[in-house]
Amino acid sequence: MTTTVITTLPHFSNLSRGIFVRPNFSFPFSPSRRLAGNLASSNMAAAAAAISPVPKDDLERIAKISATIRVIPDFPKPGIMFQDITTLLLDPVAFKDTIDLFVERYKHMNISVVAGVEARGFIFGPPIALAIGAKFVPIRKPKKLPGEVISEEYSLEYGTDKMEMHVGAVQPGDRALVVDDLIATGGTLCAAMKLLERVEAHVVECACVIELAELKGRDRLGEKPLFVLVSST
Amino acid sequence: MSACHSDDPRIHAIKSKIRVVPNFPKPGIMFQDVTTLLLDPKAFKDTMDLFVERYKNKNISVVAGIEARGFIFGPPIALAIGAKFVPLRKPRKLPGEVISEEYTLEYGRDCLEMHIGAVEPNERALVVDDLIATGGTLCAAISLLERAGAEVVECACLIELPDLKGRERLKGKPLYVLVESH
């Protein structure tokens, strides 16, 4: 079983290594590095860094990407610090680097379908799908997809919501990547994964630009690996 | 002003991949479903290539995509031509300061929003959506971009429903489509 390769660097500024640390963000290791086990603590991360240095190019790209993400306080309600990726999309180099980092990771993994979660998953999923030659399947809110769908309910803070996928879009044995801009509690990604598994696809990994680590969405994905570019604590 | 490369061999395959779903979202509507096109990597790539070939030398600095299916087709164009991507969204989805443009529906009204500061004066903009029907949404999109001082160079859609005459509702802006559906 593949384990996640993402960890976070310790929170310190280390200009001699060319690492830019932005307040409240830390940077995962390069997507191309495979490390044994799931390195969650910063002590282990520091040890791993000593063993397996991150390519400067990946770190530089991730630092620039992180710097373009805008935090909007109290949206959509008081107390929430909203991670706004629209400012990333305004920077063509940062946007291209974001897609490239995902494509570099997935292009040799025989992914046959990229599933993007409405609506911001529609921005990042299709460019990845196009670059790796996979189908793109939109996972949508209820009543948006025409024709036959399957539905998966998931819980919100208050109440439930549903995600839908077209019947016939994904075949048994398809190797799937699930894409969204951000993982918070993991509820939406979990529902997306279940839809794919119900049609007997194999979910290889979930990929997001941002992880809100405190909300432990990663744990809610259970055994499924999660790959993110930027982890916010 | 029309542009539609019906003689390009790729167009035929693209058109054949679009699925028509009758009586969606309500009786009498023949819904043009592009999701089946997205299931064919070659057809999807050809679709994007056709747009990119048209726009790559037009000095477009911003691609504006209309939620939600414009989010699928806009970003790949933006990435390929080195332009910014700006999402135009339903109300209350965009965080921070926005400008809003109201437009009429068959019954009632709706609203499209864009971030303040996303687009600068004199930028050259392309508006993208999967389909143009009455042109109401595209018209609102054009208005938002013009209010920010941008010049809308063209609107680009995969599909046009010409009988609904949306083309006439685009404030004089040109429209480019790949496929017409009567």
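Residues numbered from 1 in each chain as written. Chains lettered and ligands numbered in written order. Predicted model: local features only at pLDDT ≥ 70, side-chain atom pairs only at ≥ 80, totals over all residues. Heavy atoms only, no water.

**Q** Teacher, can you tell me more about the overall build of chain A here?
**A** A count of helical and extended segments in chain A gives seven helices and 10 strands. For chain A, the residues scored as buried account for 56% of the 233 residues in total. In chain A, of all internal contacts separated by at least 6 residues, the share reaching a separation of at least 24 is 59%. As displayed, chain A offers around 9900 Å² of accessible surface, 54% of which is attributable to carbon and sulfur atoms. (Helix = DSSP H or I, 4+ residues; strand = E, 2+ residues; numbered from the N terminus. Buried < 20%, exposed > 50% of the residue type's maximum accessible area, 1.4 Å probe, protein only. Contact = heavy atoms within 4.5 Å. Areas by Shrake-Rupley, 256 points an atom, 1.4 Å probe, with all protein chains shown as cover.)

**Q** When you look at empty space enclosed by the protein in this model, what are you seeing that I'm missing?
**A** To find the voids left in a structure, one rolls a probe of water-molecule size over its atoms. Tallying each qualifying case throughout the model produces three cavities of 30 Å³ or more. Taken as a whole, the largest cavity holds about 60 Å³ of empty space. Taken together, Phe82(A), Asp84(A), Ile85(A), Thr86(A), Arg120(A), Ile123(A), Phe71(B), Pro87(B), Arg89(B), Lys93(B), Leu94(B) and Pro95(B) form the lining of the largest cavity. Taken together, the residues that form the lining of the largest cavity break down as seven nonpolar, one polar and four charged. (1 Å grid on protein atoms, 1.4 Å probe; cavity = no way out; pocket = protein on both sides within 12 Å on 5 of 7 lines; lining within 4 Å. Points joined across faces, edges and corners; volume = space filled by probe spheres on them. Nonpolar A, V, L, I, M, F, W, Y, C, P; charged D, E, K, R; others polar.)

**Q** Explanation requested: the pairing of strand S8 (residues 175-183) of chain A in the structure shown.
**A** For a regular strand, side chains alternate in direction, first toward one face of the sheet and then toward the other. Residues and elements named next belong to chain A. In terms of residue burial, S8 counts as a mostly covered element, since eight of its nine residues are buried. Examined bridge by bridge, S8 and strand S9 (residues 202-212) share eight bridges and lie parallel to one another. Considered in S9, the bridge of Val 179 is made with Ala 207. Crossover connection from S8 via helix H6 (residues 187-198) to parallel S9: handedness right-handed. (Pairing = 2+ DSSP bridges. Right-handed = clockwise from strand over helix to strand, strands pointing away.)

**Q** Where do I start with the environment of Gly136(B) in this structure?
**A** Residue and element names in this part refer to chain B. Within the secondary structure, Gly 136 sits in helix H5 (residues 136-147). Put simply, Gly 136 and Phe 73 are 63 residues apart on the chain and 19 Å apart in space, counted from C-alpha to C-alpha. Those residues within four positions of Gly 136 in sequence are excluded, and the remaining contacts are Tyr 103 and Arg 169.

**Q** Any chance you could explain the interface of chain B and chain A here in plain terms?
**A** By a widespread convention, an interface's size corresponds to the accessible area lost as its parts come together. Listed per partner, the contact involves 34 residues of chain B and 34 residues of chain A. Of the roughly 2700 Å² buried at the junction of chain B and chain A (both faces included), carbon and sulfur atoms supply 73%. When the area that chain B buries against chain A is broken down by residue, the three leading residues are Leu39(B), Leu79(B) and Pro95(B), summing to 21%. Only strand S1 (19-22), strand S2 (30-33), helix H2 (35-38), helix H3 (41-55), helix H4 (70-81) and strand S4 (84-88) of chain B provide two or more residues apiece to the side of chain B that touches chain A. By residue number, the principal contributor to the side of chain B that touches chain A is H4(B), which donates five residues. Residues that form the side of chain B that touches chain A fall into these classes: 21 nonpolar, four polar and nine charged. (Buried area = accessible area lost by both parts, 1.4 Å probe.)

**Q** Help me understand the UniProt feature "domain: Phosphoribosyltransferase" (unreviewed entry) in chain B, please; the structure alone is not making it clear to me.
**A** In the UniProt entry, the feature "domain: Phosphoribosyltransferase" (unreviewed entry) is given for residues 38-164 of chain B. For the annotated span residues 38-164 of chain B, helix accounts for 31% and strand for 34% of the residues, and the straight-line distance between the end C-alpha atoms is 25 Å. (UniProt positions renumbered as here; feature names shortened; annotations may be inferred.)

**Q** How do you make sense of the confidence of the model for chain B when you look at a structure like this?
**A** In low-pLDDT segments, the atomic positions of the prediction should not be examined closely. Across chain B, the average pLDDT comes to 95, with 97% of residues at 70 or higher. The ipTM assigned to the predicted complex is 0.96, against a pTM of 0.87. (pLDDT = per-residue confidence, 0-100.)

**Q** Just checking my understanding: could you explain the pattern of salt bridges for this structure?
**A** When the charged atoms of two side chains with opposite charge come close together, those side chains can pair. Residues and elements named next belong to chain B. On inspection of all chains with the given rule, the structure shows 30 salt bridges over all chains. For Lys 45, the salt bridge goes to Asp 49, with nearest N and O atoms at 2.8 Å. With Lys 45 and Asp 49 both in helix H3, this residue pair falls four residues apart, about one helical turn. Given the relative accessible area of 42%, Lys 45 is considered partly exposed. Salt-bridge contacts for Arg 109 lead to Glu 102; the nearest nitrogen and oxygen are separated by 3.0 Å. (Salt bridge = Lys/Arg side-chain N within 4 Å of Asp/Glu carboxyl O.)

**Q** What exactly am I supposed to notice about the state of the cysteines here?
**A** Linking two cysteines covalently via their sulfur atoms produces the bond known as a disulfide. Taken as a whole and judged by the stated rule, the model has zero disulfides over all chains. Unpaired in terms of disulfides, Cys208(A) finds its nearest cysteine sulfur in Cys206(A), a separation of 6.8 Å. This cysteine, Cys111(B), is not joined by any disulfide, and Cys139(B) carries the nearest cysteine sulfur, 13 Å off. (Disulfide = S-S within 2.5 Å.)

**Q** Before we go on, may I ask you to explain unusual backbone geometry in this structure?
**A** Of all residues except glycine, most have a negative phi; of all peptide bonds, most are trans. Geometrically, the link from Phe75(A) to Pro76(A) is a cis peptide bond, its omega value of 0 degrees lying close to zero. Along the chain, Pro76(A) turns up in the loop between strand S2 (70-73) and strand S3 (81-84). Going from Phe24(B) to Pro25(B), the amide bond is cis rather than trans, its omega being 0 degrees. Among the structural elements, Pro25(B) can be located in the loop between S1 and S2. One non-glycine residue, Lys216(A), adopts positive backbone phi at about 55 degrees. Inspection of the secondary structure puts Lys216(A) in the loop between S9 and helix H7 (217-220). Backbone geometry at Asn59(B) places phi at a positive 55 degrees, although glycine is not the residue there. Mapped onto the elements of the fold, Asn59(B) is located in the loop between H3 and strand S3 (62-66). Among the residues examined, Asn59(B) registers a relative accessible area of 63% and is labelled exposed.

**Q** How do you make sense of the side chain of Arg140(A) when you look at a structure like this?
**A** Among the secondary structure elements, Arg140(A) is positioned in the loop between strand S5 (135-139) and strand S6 (149-155). Looking at Arg140(A), its side chain comes within polar contact range of the side chain of Glu118(A), at 2.9 Å. Beyond its immediate stretch of four places on either side in the chain, Arg140(A) contacts Glu118(A), Phe122(A), Leu145(A), Lys162(A), Met163(A), Glu164(A), Ala68(B) and Arg69(B). (Polar contact = N/O pair within 3.5 Å; in protein donor to acceptor, adjacent residues only side chain to side chain.)

**Q** Sorry if this is basic, but what is going on with the sheet that holds strand S7 (residues 124-132) of chain B here?
**A** Two orientations exist for strands paired in a sheet by backbone hydrogen bonds: parallel and antiparallel. Residues and elements named next belong to chain B. The strand order S4-S3-S7-S8-S9 describes an open sheet built from five strands, whose pairing is parallel. Two strands in the sheet have a free side with no partner beyond their single neighbour: S4 and strand S9 (175-180). Across the sheet, the mean angle from the axis of one strand to that of its neighbour is 20 degrees, orientation sign disregarded. As defined by bridge partners, S3 adjoins S7 across four bridges and the pair is classed as parallel. Bridge pairing in S7 links Val 63 to Leu 126. (Axes fitted to C-alpha atoms, helices over the stretch in contact; angles between N-to-C directions.)

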